[in-house]
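In case you want the letters, here they are:
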Amino acid sequence: GDSVTQMEGPVTLSEEAFLTINCTYTATGYPSLFWYVQYPGEGLQLLLKATKADDKGSNKGFEATYRKETTSFHLEKGSVQVSDSAVYFCALTTTGNQFYFGTGTSLTVIP
Amino acid sequence: ETGVTQSPTHLIKTRGQQVTLRCSSQSGHNTVSWYQQALGQGPQFIFQYYREEENGRGNFPPRFSGLQFPNYSSELNVNALELDDSALYLCASSLGSGGPFDEQFFGPGTRLTVL
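The rules behind each value
- Residues numbered from 1 in each chain as written.
- Chains lettered and ligands numbered in written order.
- Predicted model: local features only at pLDDT ≥ 70, side-chain atom pairs only at ≥ 80, totals over all residues.
- Heavy atoms only, no water.
- Pairing = 2+ DSSP bridges.
- Helix = DSSP H or I, 4+ residues; strand = E, 2+ residues; numbered from the N terminus.
- Axes fitted to C-alpha atoms, helices over the stretch in contact; angles between N-to-C directions.
- 1 Å grid on protein atoms, 1.4 Å probe; cavity = no way out; pocket = protein on both sides within 12 Å on 5 of 7 lines; lining within 4 Å.
- Points joined across faces, edges and corners; volume = space filled by probe spheres on them.
- Nonpolar A, V, L, I, M, F, W, Y, C, P; charged D, E, K, R; others polar.
- Contact = heavy atoms within 4.5 Å.
- Salt bridge = Lys/Arg side-chain N within 4 Å of Asp/Glu carboxyl O.
- Polar contact = N/O pair within 3.5 Å; in protein donor to acceptor, adjacent residues only side chain to side chain.
- Disulfide = S-S within 2.5 Å.
- Buried < 20%, exposed > 50% of the residue type's maximum accessible area, 1.4 Å probe, protein only.

A. Structural detail: the sheet that holds strand β8 (residues 74-78) of chain B. Residue and element names in this part refer to chain B. Within the open sheet, the 4 strands sit side by side as β1-β3-β8-β7. Their pairing is antiparallel. Strands at the two margins of the open sheet, each flanked by one partner only, are β1 (5-7) and β7 (64-68). Between one strand axis and the next, the sheet turns by 20° as a mean value, whatever way the strands run. Here 3 bridges tie β1 to strand β3 (residues 19-24), and the two strands are oriented antiparallel to one another. Bridge assignment links T5 to a residue of β3, and that residue is S24.

The following block contains the structure:
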């Protein structure tokens, strides 16, 4: 079945450090891929998405490229800020009416 | 524009009881999805409704049921509560028929504790 595996946390980085959160997927069809973010005390928000192979999603300095050959959708940011501290979820859907989420990666950025 | 709202915020029930959780979709959205998020886990898809019809269901038993109303608000009902049902229940709305390009907008969730 369809599933997403993302890197275990928690991750702690100093401000301005480079961030990578790994995400790999298994899908029976042609998935669309997403990164969601959950800030403390808030609901899930869509951070970025990619709907086909080699697409790059980007938002707020975050980027992720849909790699079909490695079935990956790693999240990256060149210079993290304290305000990026949150839990990040990788997700996929092949049908649009059923989404599969990873277990989440908690990021803490320290000044 | 009002976002997705859920009620109640917190709820405590005992094993065997029944519970109803409510969700108001973002204005204009005709699709709603429900998720269960256990502590430290990612959201697990329960089901989706599109224009009052169930449009997809995850691996949850029939005691999890739902409704979507003509105004596109929604309910999640859980019968015969079990301890493992303790979780954050999330509602997400989107515009369209639940296609893969539809962005889902999540509510803040209802925290259910089953004792």
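There's more to say after this.
B. View of the sheet that holds strand β8 (residues 62-65) of chain A. All names here are of chain A. The strand order across the open sheet built from 4 strands is β3-β9-β8-β7, with neighbouring strands paired in antiparallel fashion. The open sheet has two edge strands, β3 (19-21) and β7 (56-59), and neither has a second partner. Mean inter-strand twist for the sheet, computed between neighbouring axes without regard to direction, equals 15°. Sheet topology note: the β8/strand β9 (residues 75-77) ladder contains 3 bridges and is antiparallel. Looking at the pairing, A64 lines up with L75 of β9.

C. Structural context of the layout of surface pockets. The volume enclosed by the largest pocket comes to roughly 220 Å³. What lines the largest pocket is a set of 14 residues, and nearest its centre among them are Q38 of chain A together with Q37, L39, G40 and R111 of chain B. Residue classes in the lining of the largest pocket are distributed as 6 nonpolar, 6 polar and 2 charged. Considering only enclosed or pocket space, the second largest pocket measures out at about 190 Å³ in volume. At the level of elements, β1 (3-6) and β11 (100-101) of chain A together with β5 (44-50) of chain B are the ones that each hand at least two residues to the lining of the second largest pocket.

D. Layout of the interface of chain B and chain A. Listed per partner, the contact involves 22 residues of chain B and 19 residues of chain A. For the interface between chain B and chain A, the tally reads 0 salt bridges. At the surface where chain B touches chain A, the tally comes to 0 residue pairs in polar contact (both at pLDDT 80 or more). Those elements that place two or more of their residues in the side of chain B that touches chain A are β4 (31-37), β5 and β6 (53-57) of chain B. Grouping the amino acids of the side of chain B that touches chain A by side-chain chemistry returns 8 nonpolar, 12 polar and 2 charged.

E. Spotlight on the state of the cysteines. By the definition in use, this model includes 2 disulfides over all chains. Here C23 of chain A engages in a disulfide with C90 of chain A; their sulfurs sit 1.9 Å apart. With the S-S bond torsion at -65°, the cross-link from C23 of chain A to C90 of chain A turns out left-handed. With C23 of chain A in strand β4 (residues 23-26) and C90 of chain A in strand β10 (residues 86-93), this residue pair connects regions lying 67 residues apart in the sequence. In this structure, C23 of chain A and C90 of chain A share a single accessibility class: buried. Each sulfur in the disulfide pair C23 of chain B and C91 of chain B lies 1.8 Å from the other. With the S-S dihedral at roughly -55°, the linkage between C23 of chain B and C91 of chain B falls on the left-handed side. One end of the pair, C23 of chain B, is in strand β3; the other, C91 of chain B, is in strand β9 (residues 87-94), and 68 residues separate them in sequence. For the pair C23 of chain B and C91 of chain B, a shared accessibility class is recorded, and that class is buried.

Nothing here speaks to function; it is all geometry.
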